[in-house]
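Breakdown of the fold
Okay, here's what each chain looks like letter by letter:
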Amino acid sequence: MMIVLGYLLGSIPFGVLLTRWFGAGDLRSIGSGNIGATNVLRTGRKGLAAATLLLDLGKGAAAVLLADALFPGTGPIAGMAAFLGHCYPVWLKFRGGKGVATLMGIVVALHWPSGLVYAAVWLGLLGALRISSLAGMAAAVSAPVSAAFWGRIDLVLLLLGLALIVLWKHRDNIDRLLSGTEPRIGKKRG
């Protein structure tokens, strides 16, 4: 029950819906074609990008908190399902986002100190380097490390698995990082 609820909640494609509702076009035909906040930012609509980020983060947190409220102890499995729903939504032929914001929401809801580390790594690297993919991947990898540091061994394998999926979803970005062609936030491609 919590797996289905988490998946369905996670599979709501907020980036696609917001850009469509506010006349910014079909997000899947813009920039990278991704449904997340970074690609929404490429539409030039910062407000929509911020809303997408918050809603994607919120759906991860909501899945965990709702599951734990209804059936205590099921938050981690519902969070995992929400993450998979975001990355592989049935509504979009299983072509979803890369999971960075949704994972942050999950981490915050499961263990807020690890969530703070995640946010610090993500925002710190994004501010310093202006490379969204690198900041997101580093933040995802920080989650299992931080959970282990804080003694939340019960969360380490789950967060490690989700971080590996984030890395997998960023494989094209990794290739561009290695070749020095990965774009920075605020700079035009070309």
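Below: a short report on this structure. Here the residue numbering is sequential within each chain, running from 1 through the sequence in written order. Local features in this predicted model are restricted to residues of pLDDT 70 or higher, and side-chain atom pairs are both shown and tallied only at a pLDDT of 80 or more, whereas totals for entire chains, interfaces and linings draw on every residue. Side-chain descriptors were evaluated using all non-hydrogen atoms of the structure, hydrogens and water having been removed beforehand.

Focus on the nonpolar core
Put simply, the rule is: The set of buried Ala, Val, Leu, Ile, Met, Phe, Trp, Tyr and Cys residues whose side-chain atoms join them within 4.5 Å is what this entry labels a nonpolar core. In this scheme, a residue with accessible area under 20% of its type's maximum is buried, one over 50% is exposed, and one in between is partly exposed, where area comes from a 1.4 Å probe on protein chains only. Elements are defined by DSSP. Helices are runs of H or I of four residues or more, strands are runs of E of two residues or more, and each kind is numbered from the N terminus.
Formed by 27 residues in total, the largest nonpolar core has its most connected members in Phe 83, Leu 103, Tyr 118, Trp 122, Leu 159 and Val 166. At the level of elements, α4 (46-70), α5 (75-87), α6 (100-110), α7 (112-129), α8 (132-149) and α9 (153-169) are the ones that each hand at least two residues to this core. If you look at the next biggest cluster of nonpolar residues, it comprises 9 residues, including Val 16, Leu 27, Ile 35 and Ala 49.

Some thoughts on α6
As a reminder of what qualifies: Throughout, a residue-residue contact means that at least one pair of heavy atoms, one from each residue, lies within 4.5 Å.
Taken across its 11 residues, α6 has 9 buried, putting it largely inside the fold. Along α6, the residues classified as buried are Val 100, Ala 101, Thr 102, Leu 103, Met 104, Gly 105, Ile 106, Val 107 and Leu 110. The elements touched by buried residues of α6 are α4, α5, α7, α8 and α9.

Here we look at the packing of aromatic side chains
To keep it simple, the criterion reads: Geometry of aromatic contacts follows a simple scheme: Phe, Tyr and Trp rings, the Trp one being its six-membered ring, pair when their centres are within 6.5 Å, and the pair is stacked under 30 degrees between planes, edge-to-face over 60, tilted otherwise.
Scanning all chains against the criterion turns up 2 aromatic pairs. Summarising the aromatic geometry, the rings of Tyr 118 and Trp 122 are spaced 6.2 Å apart at their centres and angled 85 degrees between planes, so their arrangement reads as edge-to-face. With Tyr 118 and Trp 122 both in helix α7, this residue pair falls 4 residues apart, about one helical turn. For the pair shown, Tyr 118 and Trp 122 are each scored as buried.

Considering the side chain of His 111
With respect to the helices, strands and loops of the structure, His 111 is situated in the loop between α6 and α7. Not counting the four nearest positions on each side in its chain, His 111 is found in contact with Trp 150, Arg 152 and Leu 155.

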